Amino acid sequence: MDVRIETSWKQQLNNEFNQPYFYNLTEFVRKEYQSFTVYPPGNQIFNAFDQCSFDRVKVVILGQDPYHEPGQAHGLCFSVNDGVPFPPSLQNIFKEIASDLGTSIPVTGNLERWARQGVLLLNATLTVRAHQAGSHQHKGWEQFTDAVVHAINDAKQHVVFILWGSFAQSKGAFIDTSRHLVLRSPHPSPLSAHRGFFGNKHFSKTNQYLIRTGQTPIEW
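Conventions and cut-offs
Residues numbered from 1 in each chain as written. Predicted model: local features only at pLDDT ≥ 70, side-chain atom pairs only at ≥ 80, totals over all residues. Heavy atoms only, no water. Helix = DSSP H or I, 4+ residues; strand = E, 2+ residues; numbered from the N terminus. Buried < 20%, exposed > 50% of the residue type's maximum accessible area, 1.4 Å probe, protein only. Contact = heavy atoms within 4.5 Å. Areas by Shrake-Rupley, 256 points an atom, 1.4 Å probe, with all protein chains shown as cover. Lys, Arg positive; Asp, Glu negative; His and termini not counted. Charge placed at Lys NZ, Arg CZ, Asp CG, Glu CD. Core = buried A, V, L, I, M, F, W, Y, C linked by side-chain atoms within 4.5 Å. Axes fitted to C-alpha atoms, helices over the stretch in contact; angles between N-to-C directions. Parallel < 35°, antiparallel > 145°, perpendicular 65-115°, else oblique. Nonpolar A, V, L, I, M, F, W, Y, C, P; charged D, E, K, R; others polar. Pairing = 2+ DSSP bridges. Right-handed = clockwise from strand over helix to strand, strands pointing away. Polar contact = N/O pair within 3.5 Å; in protein donor to acceptor, adjacent residues only side chain to side chain.

## Here we look at the overall build of the protein
In step 1: Across its full length, the protein holds eight helices and six strands.
In step 2: Projected onto its principal axes, the C-alpha positions of the protein cover 45 × 35 × 25 Å.
In step 3: The 220 residues of the protein split such that 53% are buried.
In step 4: Across the protein, every contact between residues at least 6 apart in sequence was considered, and the portion connecting residues at least 24 apart equals 66%.
In step 5: For the protein, the computed accessible surface area is about 10000 Å², with 49% contributed by carbon and sulfur atoms.
In step 6: Looking at charge distribution, the protein has the averaged site of its 19 positive side-chain charges lying 4 Å from that of its 18 negative ones.

## What to know about the nonpolar core
If you look at soluble globular proteins, the nonpolar side chains tend to sit buried side by side.
In step 1: Counting residues in each nonpolar core, the largest one holds 65 residues, and the members touching the most others are I61, W114 and F144.
In step 2: No other element matches helix α6 (residues 141-155), which puts six residues into this core.
In step 3: Apart from the residues lying within four places of it in its own chain, the contact partners of W114 are I61, I93, F94, I97, V119, L121, F203, E219 and W220.

## A word on the packing of helix α4 (residues 88-101) against helix α8 (residues 202-212)
In step 1: At a closest axis distance of 8 Å, the pairing of α4 and α8 adopts a crossing angle of 60°. With respect to α8, the element α4 is oriented oblique. On the side of α4, the interface is formed by I93, E96, I97, D100 and L101, while α8 contributes H202, F203 and S204.
In step 2: Partitioning the contact of α4 with α8 into residue classes produces four nonpolar, two polar and two charged.

## Observations regarding the pairing of strand β5 (residues 160-164)
In step 1: The buried count for β5 comes to five of five residues, which makes it a mostly enclosed element.
In step 2: Residues V160, I162 and W164 of β5 are buried on one face, and the alternating residues F161 and L163, pointing to the opposite face, are buried as well.
In step 3: In this structure, β5 lies alongside strand β6 (residues 181-185), joined through five bridges in parallel fashion. Bridge pairing in β6 places I162 opposite L183.
In step 4: Note on the crossover from β5 through helix α7 (residues 165-171) to β6: the handedness is right-handed.

## Here we look at the side chain of Q72
In step 1: Locating Q72 in the fold gives a position in the loop between β2 (59-63) and α4.
In step 2: Judged by relative accessible area, which is 15%, Q72 ranks as buried.
In step 3: Polar side-chain contacts of Q72 include one of 3.4 Å to the backbone nitrogen of E69.
In step 4: Excluding residues that lie within four positions of it along the chain, Q72 makes contacts with Y67, S79, V80, N81, V84 and P87.

Shown next as structure tokens:
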């Protein structure tokens, strides 16, 4: 199957695109876009990969579902389009960055600037029906994004995996901690941020590790 995705990712994931589950997933997603409002826009489903090639990945942040309200989702986990108010989890992420690094809160919640520096902002499920959180779970996306994490784990060295909340931590349970740095904490959601997300210092810890392994730190 010919999938429009950045070239280095196509090479890494080509076997997935020819699996029966991916064909079934593609059929499901196509029908959903034809019948309902689905986010993100179809040309941004693989935006996380297009913005951050496989060769450049040095940090992975795992999310769960795309945002499901109008104008928010554009293919990068936790990120929103320019001019869109920050959702609560993103507000808390920016608060932790400000506390950790002493920087100011940015004016936009568009995290493409992170992606261009090598941060893969990966949702476990890449599409969602409008106003219906979780509506595209268990249709095949999770198997595909597991393959993404496996490819990074197996083929690269010294990647930082940032796992917020139990879902992300279970999805990243197989990561080889002898070759990569895995950072875990509660999710930045208002329901859990005060139980250990605030103060986790994941952003400074990420940069310290990148510098220690001869890589360029992220300008968060």
